[in-house]
Amino acid sequence: MKTDTDLTRIVESVKAVLPYQQNIGLHEPCFQGNEWKYLKECIDTGWVSSVGKFVDQFELKLADFTGVKKAIAVANGTVALHLCLKVIETEPDDEILVPALTFVATANAVSHCGAVCHFADSEEHTLGIDPIRLDKYLQKIAILKNGSCYNKTTGRRIKAVLPMHTFGHSVDLDALVEVCNTYKLMLVEDAAESLGSYYKGRHTGNHGVVSALSFNGNKIITTGGGGAVMTNDERLGRLAKHLSTTAKVPHDWAFYHDMVGYNYRMPNINAALGCAQLEQMAIFIKRKRALADLYAKALKDIHGVTFFTEPRFSKSNYWLNVILLQNTDIELRNRLITMFRGNGLMVRPAWTLINKLPMYKDCPSMELPVAEKIEASLVNLPSSAGLLSV
Ligand SMILES: *Cc1c(COP(=O)(O)O)cnc(C)c1O
């Protein structure tokens, strides 16, 4: 059992990295570019709502930055995930394999389709879905029929795997793609936390059939609220855009809709912020990686704690920096969090595992020992790009 003194050493080492000592947020937005200019242009021209040049520009710039063919800007990351699952034709009662260790939005998007979450465990060196153990698990519980995968226990079709790149660190995508090929599953990436993160040199969100980004206020870049669907498949890209714009068939004045669509588009005023933020991506990533380096050095010799560094195949954005306590002990973790907060530093634990939430407690699941361990030992440190000025 660790003593309070050890926890104090952790807190002091983290504080030594930071440029000031009080009221340090977890992840604050950084507006140092053309934000005012572009926002003013929206207001001056009256183009504030769901059409306008910044929406088109933002989509093109996103595609350019990530190397994915099509990006469709939408209202937030949750609806981006919902659209991803819709365009791959997720049906009510399908099962979707999702990590138990994720933000609730990943699971909610599955529920919004009437589909069922099926929880997968994480691996320690990525924090995301473990492809090897997933493969072993599917060998036991899955059966292929007419080119689709079925859960032998529940009889439901398993449609897709929806990995999440946790805190900006890529899952092992090649290995997951292989699992998807073996079991005829679609790969949908929740890249909400991994804009600017690369798997073997290729941007995250560029490996699955479709993927989702988020531009919430606490993400790498922000549009206030916002998200995007990304895909290399032109047809799916057009469908996502169509569904996000009430499925209105383009016409100068006639209102004709050919599907039950959604009002999920990103307003121009939000896209204006997004354009200004994207211009600063390189600087944000540079600063965030430099901050991670400083934390890693400061915590290297501190007993009982490990600073989490990127997996060997990932060049990570270090969205939220992670420390892991050696002891798997929620009570100890909570004492550390309380101590950090008492010192004016905003830190937080990982999410409560989704399978423990009341609406998801009866979903199918593999054993989750690693996710349990991470949940009990992880603390996120202050990670704003604005903390450093390199
Ligand atoms: C932020 C986030 C989302 C999307 O969140 P929104 O607030 O709807 O933009 C989805 N999944 C994960 C893992 C996230 O961190």
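Residue numbers here run from 1 along each chain, matching the order of that chain's written sequence. The predicted nature of this model means local features are confined to residues of pLDDT at least 70 and side-chain atom pairs, given and counted, to a pLDDT of 80 or more, with totals for whole chains, interfaces and linings taken over all residues. Side-chain numbers here rest on the full set of heavy atoms in the structure, without hydrogens or water.

Re the sheet that holds strand β12 (residues 305-307)
Backbone hydrogen bonds hold the strands of a sheet together, and the pairing may be parallel or antiparallel. DSSP bridges decide pairing: two strands pair if at least two such bridges lie between them. Elements are defined by DSSP. Helices are runs of H or I of four residues or more, strands are runs of E of two residues or more, and each kind is numbered from the N terminus. The sheet built from 4 strands is open, its strands ordered β12-β14-β16-β15 with antiparallel pairing. The strands lining the two open edges of the sheet, one partner per strand, are β12 and β15 (348-349). Its contacts with the sheet put helix α12 (residues 369-377) on β14 (321-325) and β16 (378-381), and the angle it makes with β16 is roughly 50°. Contacts are assigned to residue pairs that have any heavy atoms within 4.5 Å of one another. Axis lines are fitted through C-alpha atoms, for helices just across the contact stretch, and the angle between N-to-C directions can take any value from 0 to 180 degrees.

Section: the packing of helix α6 (residues 131-141) against helix α7 (residues 173-183)
Two elements in contact, α6 and α7, have axes separated by 9 Å at closest approach and are oriented at 15°. Between α6 and α7, the interaxial angle falls into the category roughly parallel. For the crossing formed where α6 meets α7, the hand is left-handed. Where α6 abuts α7, its residues Pro131, Leu134, Asp135, Leu138 and Gln139 lie against Ala175, Leu176, Val179 and Tyr183. Looking at side-chain class alone, the contact of α6 with α7 contains 7 nonpolar, 1 polar and 1 charged residues. Orientation labels follow simple angle bins: below 35 degrees gives roughly parallel, above 145 gives roughly antiparallel, 65 to 115 gives roughly perpendicular, and whatever is left gives oblique. By convention, the crossing between two helices is left-handed when the near helix turns anticlockwise from the far helix through less than a right angle, and right-handed when the turn is clockwise. Under this grouping Gly is polar, as are all residues other than the nonpolar Ala, Val, Leu, Ile, Met, Phe, Trp, Tyr, Cys and Pro and the charged Asp, Glu, Lys and Arg.

Focus: the environment of Pro349
Following the sequence through the fold, Pro349 ends up in strand β15. On a C-alpha basis, the gap between Pro349 and Tyr264 in space is 31 Å, while along the polypeptide they are 85 residues apart. Dropping the residues within four chain positions of it, Pro349 is found in contact with Arg333, Ile337, Leu378 and Asn380.

Side note on the site of the ligand
Being near a molecule or strand, for a residue, means having at least one of its heavy atoms within 4 Å of it. Every one of the 16 residues lining the ligand counts as a neighbour, but Gly77, Thr78, Glu193, Ser214 and Lys219 are closest to it. In this structure, Glu193 approaches the ligand through a side-chain N or O atom, which is 2.5 Å from an oxygen atom. Two N or O atoms form a polar contact when they lie within 3.5 Å of each other; inside protein one atom must be a possible hydrogen donor and the other a possible acceptor, and for residues adjacent in sequence the pair counts only when both atoms belong to side chains. Here an oxygen atom of the ligand sits 2.7 Å away from a polar atom, N or O, in the side chain of Ser214. Every accessible area reported is derived by Shrake-Rupley at a probe size of 1.4 Å, with residue values counting cover from the shown protein chains alone. Burial of the ligand by the protein amounts to 91% of the accessible area it has alone, namely 380 Å².

Quick look at the UniProt feature "active site" (unreviewed entry) in the chain
UniProt positions are given in the numbering used here, feature names are shortened, and annotations may be inferred rather than shown by experiment. UniProt records the feature "active site" (unreviewed entry) at Lys219, using the numbering of this structure. Assignment of secondary structure puts Lys219 in the loop between β10 (210-214) and β11 (227-231). Judged by its relative accessible area of 10%, Lys219 is buried. Those residues in contact with Lys219, other than ones at most four positions away along the chain, are His27, Ala192, Glu193, Ser214 and Trp319. Note on exposure labels: buried denotes an accessible area under 20% of the residue type's maximum, exposed denotes more than 50%, and partly exposed covers the range between, all computed with a 1.4 Å probe on protein chains only.

With respect to the sheet that holds strand β8 (residues 198-199)
Here 3 strands make up an open sheet; going across it, the order is β9-β8-β13 and the pairing antiparallel. Of all the strands in the sheet, the pair left with one neighbour each is β9 (202-203) and β13 (314-315). As paired elements, β8 and β13 share 2 bridges and run antiparallel to each other. Following the sheet pairing, Tyr199 is matched in β13 by Ser314.

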